[in-house]
Amino acid sequence: MKRRDFLKSAGALAASTALTAPAVFSPAKAQSRAETLLIVSEGGPNNIDIHGVGTNVPGYEVAWNCYSRLISHEMKKLPNGVEYYDKDKFKPELAEDMKIGDMSATFKLRKDATFHDGTKITAKDVKWSLDRAVTVGGFPTFQMRAGSLEKPEQFVIVDDHTLRVDFLRKDRMTIPDLAVVVPVVMHSELIKKNADEKDPWGLSYTKQNIAGGGPYNVEKWTPGTEVIFARNENYKLGPLPKTKRIVWRIVPSAGNRRALLERGDADISYELPNKDFVELKQSGKLNIVSTPFSNGVQYLGMNVTKPPFDNVKVRQAVAYAVPYQKIMDAVLYGLGGKTFGAPANKQTEVAWPQAHKYNSDITKAKKLMEEAGYKDGFETTLSFDLNFAGVNEPTCVLIQESLAQIGIKTTINKVPGANWRTELNKKVMPLYVNVFSGWLDYPEYFFFWCYHGANSIFNTMSYQSKEMDANIIAARDAAAINDKTTYEKAVKGFVDQAFADVPRIPLYQPYSNVAMQKNVSGYQYWFHRRLDYRNLAKG
Amino acid sequence: MLLRMGRRLGITLFSIAAVIVITFALTRLLPGDTAAYFAGPAATEQAIQEVREKLGLDRPKYEQFVRYVQDLSRGDFGQSLTTGQPVIKDIAARLPASAELTFAGLIVSILIAIPLGVLAAVKEGSAVDHFSRVIATAGVSLPVFFTGLLLAYFFYFILGWAPSPIGRLDIIYSAPPHVTGFYLIDSLIARDLEVFWAALKQLILPAATLAIFSLAPITRMTRASMLAVLSSDFVRTARASGLSTRKVILTYAFRNALLPVITTLGMVFSFLLGANVLVEKVFAWPGIGSYAVEALIASDFAPVQGFVLVMAVMYVLLNLMIDLLYGVIDPRVRMAA
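What comes next concerns the included structure. Just so you know, these numbers come straight off a predicted model, no measurement behind them. (Residues numbered from 1 in each chain as written. Chains lettered and ligands numbered in written order. Predicted model: local features only at pLDDT ≥ 70, side-chain atom pairs only at ≥ 80, totals over all residues. Heavy atoms only, no water.)

We now examine the nonpolar core. Residues and elements named next belong to chain A. Counting residues in hydrophobic clusters, the biggest one holds 112 residues, and the most contacted among them are Phe229, Phe447 and Tyr451. Shared between two domains, this core holds at least three residues of each, these being domain 1 (3–15 + 34–251 + 517–538) and domain 2 (296–511). Ignoring anything within four residues of it in the chain, the contact list for Tyr451 reads Phe446, Asn459, Met461, Tyr463, Met468, Asp469, Ile472, Ala498, Pro503 and Arg504. (Core = buried A, V, L, I, M, F, W, Y, C linked by side-chain atoms within 4.5 Å. Buried < 20%, exposed > 50% of the residue type's maximum accessible area, 1.4 Å probe, protein only. Domains from an automatic or database assignment. Contact = heavy atoms within 4.5 Å.)

So, in structure tokens, the structure goes:
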């Protein structure tokens, strides 16, 4: 009789012995621990369908790993050895071949690909899924539109294994937009079976169930507690994922996430305070990977429609007053990309983000304030999003201190996370700290959302300028027809103007930080900044 | 008597109705726009509007209220947007987790606090009395998250005695088949001692944290009530009749001192159940308190309403139960009824 069976069959008496014998531990369980990767993070998904209403960012991670797309990105190695997605190189995923024509792209699908339940994936499923993304509304439809993918008619079934995507207009974002998290391929028959008239796209089914053919499948999801993933043993769209089972536990306390890592009980964690990352890095017990957000900038924004920030001299004065280096040292502990203090003779690059030429210079700032007619300063409020208080709060306090030196008295306004979006939308906050980062890593993409006069929600400053708009559109059009000279001129044009007019002051480029055990390999940085499980392995 | 009970029930129903109205109104008054929050970081004004229509938030408030009450009457508490589940399902899954933790904490606390309180009263002014005062004061003055972090730091991080603070079970175990939702009981029903032991180990630190916090009210109340009883006439009579000290204290004094203690226990239990959010956060415990707080942060109305409603009903039931217990303990209450 085995020890475990004995214990099982024994009654209450055995229970009391078990309490004094901590080694009740079957070998099978120890084995499964070795094949399981434990990820701990602060928050979990609320919906495992990227097309769902209000799917949160952790939900993107599930969608990324459990669904497949037509194409994906190749990897490249950064100088520090980190695997990083290559935004210019695409590789086939469900499509084994992609032919880009003048006004359309044709995808040949793999014939051996199946969904998790074994059903073959055909062009009909791909079309249904893309139709769903462009018509379901909300975030997915918005994201598809960013690549000029707007109408179901654009997706044409040629035969069972061939699909053509017709272009509405020439747009160089179209192909990259097919490789983001949103254009997933879903099991149309399975979802249709679980849909009804009120919910034709079966959103309530996919909210809780995976209907795809990605490298992993959700084995169990306990909202707010954990997600358990099992490897898709029949995965054909790439190499078989390395880890059999992934457990993602929600551990809200940052201190305990760190303790779990240091004790070696958790394998990977992100969302730790910067200070912890730096200390962990110094202790050398763990692998800490810090990667700059692609196309992301943390900034100090100003509402340019109202005095005093309608005056460019005031904005420049603020740009000279910001304590950039202090923020880098005391708030980020060095874990941020420098976007300030470029040498005066530096040529503008065709890149974003890049450093501006402002530096902390109180004398210059005071002079500019005087020229602007605000010798005695003024009072205003400085707002930030409490959801990211760990970074935002100390940043704002430092800025408040420096602005006081040039006579600008600020009251700090802490806005609850749920309210932040509403406040931004109203476009009335005079001065605020915020972050923006685009999935598609192109300067004109960033500028279109953040500086263009169409006044999207991310043009939080309500900035309006004809020259700016002209340059952004010129860059977009030039990129579509591969006109390099015009493109570079336009990009330099809008970057220069953004720095001269400073409606928003770039503070730094945020880093995405991940801590993992030394025996964990295969981490990759993706534009969505969540984990890709395929290559993660232990030991 | 029936009339009295009927009146009581009427008042109960009225307070529940009031709770429904008030929570509905309060959650609507909260700052924050649910639609904007759930439209996500990259949403346009139009996308937010689409979400708002989908959630029915563009309707007039009274219409939303009528729909809410209709749904409630069908047992539908609405959908949580943060977890994506029906609220009733979430609460059913999370209430046992909180209740198991609270019971465990309370039992530990009672086992220590009541003897300590009795002893402190019997030996008033002695070293034991001072010791109990120090323990109680220290326990109540340390914030629970601090005690929790401290315990986790020592027993998990430094000593490695306690298991990792990642919720109700280590990741290598799966939950026992659902019967009561209490892992300790369910694992015994399933005769899986391995899981029972694992669940118990996870429970020790958070339960100890709660116990330390709730020591104070129980110890102090036991002591005060014992002191009052010990100085009363019937105890003097009992002593004068030559009964043993043991008999006097345990049979006569303690039983009479129990009434206020039971009341306190009821209060402490309901308070802990709702207020152990911090302990739940520290130990990643999937309980109902952290659920409500997360929902509140996200301006997610339905779970907050559901939480308040369930809590209100539980308070009412708990008070009813305590009233009944009074009758068992004190015959006078029975007679009066």
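The structure having been displayed, the exposition proceeds.
This part is about the packing of aromatic side chains. Residue and element names in this part refer to chain A. According to the stated counting rule, one finds 37 aromatic pairs over all chains in the structure shown. Pairing Trp64 with Phe527 gives two aromatic rings, centres 5.8 Å apart and planes at 90 degrees, and the pair type is edge-to-face. With Trp64 in helix α4 (residues 57–66) and Phe527 in the loop between β20 (524–525) and β21 (537–538), this residue pair connects regions lying 463 residues apart in the sequence. The class for Trp64 is buried, based on a relative accessible area of 1%. Given a relative accessible area of 2%, Phe527 falls into the buried group. Clustering of aromatic rings is evident, with ring pairs tying together Trp352, Phe436, Phe446, Phe447, Tyr451, Phe458, Tyr463, Phe494 and Phe499. (Phe/Tyr/Trp six-rings, centres within 6.5 Å; stacked < 30°, edge-to-face > 60°. Helix = DSSP H or I, 4+ residues; strand = E, 2+ residues; numbered from the N terminus.)

All names here are of chain A. A sheet is described by the order of its strands in space; here three strands give the open sequence β2-β3-β20, paired in mixed fashion. In this open sheet, the two strands that pair with only one neighbour each are β2 (71–77) and β20. With two bridges connecting them, strand β3 (residues 83–92) and β20 associate as parallel partners. Its bridge partner being in β20, Tyr84 is matched across the sheet by Tyr525. (Pairing = 2+ DSSP bridges.)

Looking now at the sheet that holds strand β7 (residues 162–166) of chain A. Residue and element names in this part refer to chain A. Ordered by their spatial adjacency, four strands build an open sheet running β4-β5-β7-β6, and the pairing between neighbours is antiparallel. What marks the edges here is a single partner per strand, and that holds for β4 (95–100) and β6 (155–159). The mean inter-strand angle of the sheet, taken between neighbouring strand axes irrespective of direction, is 20 degrees. For β6 and β7, the ladder comprises four bridges, and the chain directions are antiparallel. If you follow Asp159 over to β7, its bridge partner there is Thr162. Relative to the sheet, helix α5 (residues 123–135) contacts β5 (104–109), β6 and β7, its axis offset from that of β6 by approximately 180 degrees. (Axes fitted to C-alpha atoms, helices over the stretch in contact; angles between N-to-C directions.)

Our focus in this paragraph is the packing of helix α5 (residues 87–122) of chain B against helix α9 (residues 193–230) of chain B. For any two helices packed against each other, the geometry comes down to the angle between their axes and how far apart the axes lie. All names here are of chain B. One can describe the packing of α5 onto α9 by two numbers: an axis separation of 5 Å at closest approach and a directional angle of 35 degrees. Considering only the axes of α5 and α9, their crossing is right-handed. For the contact of α5 with α9, the residue count by class is 22 nonpolar, seven polar and two charged. (Left-handed = near helix turned anticlockwise from the far one by under 90°. Nonpolar A, V, L, I, M, F, W, Y, C, P; charged D, E, K, R; others polar.)

Turning next to unusual backbone geometry. All names here are of chain A. Between Pro307 and the following residue, Pro308, the backbone shows a cis peptide bond with an omega angle of 0 degrees. Relative to the assigned elements, Pro308 resides in the loop between β13 (296–302) and α12 (312–321). Residue Pro353 is bonded to the preceding Trp352 through a cis peptide linkage, with omega at -5 degrees. For Lys427, which is not glycine, the phi torsion reads 55 degrees and is therefore positive. Relative to the helices and strands, Lys427 is located in the loop between α16 (417–426) and β17 (431–437). According to the relative accessible area criterion, Lys427 is buried, its value standing at 14%.

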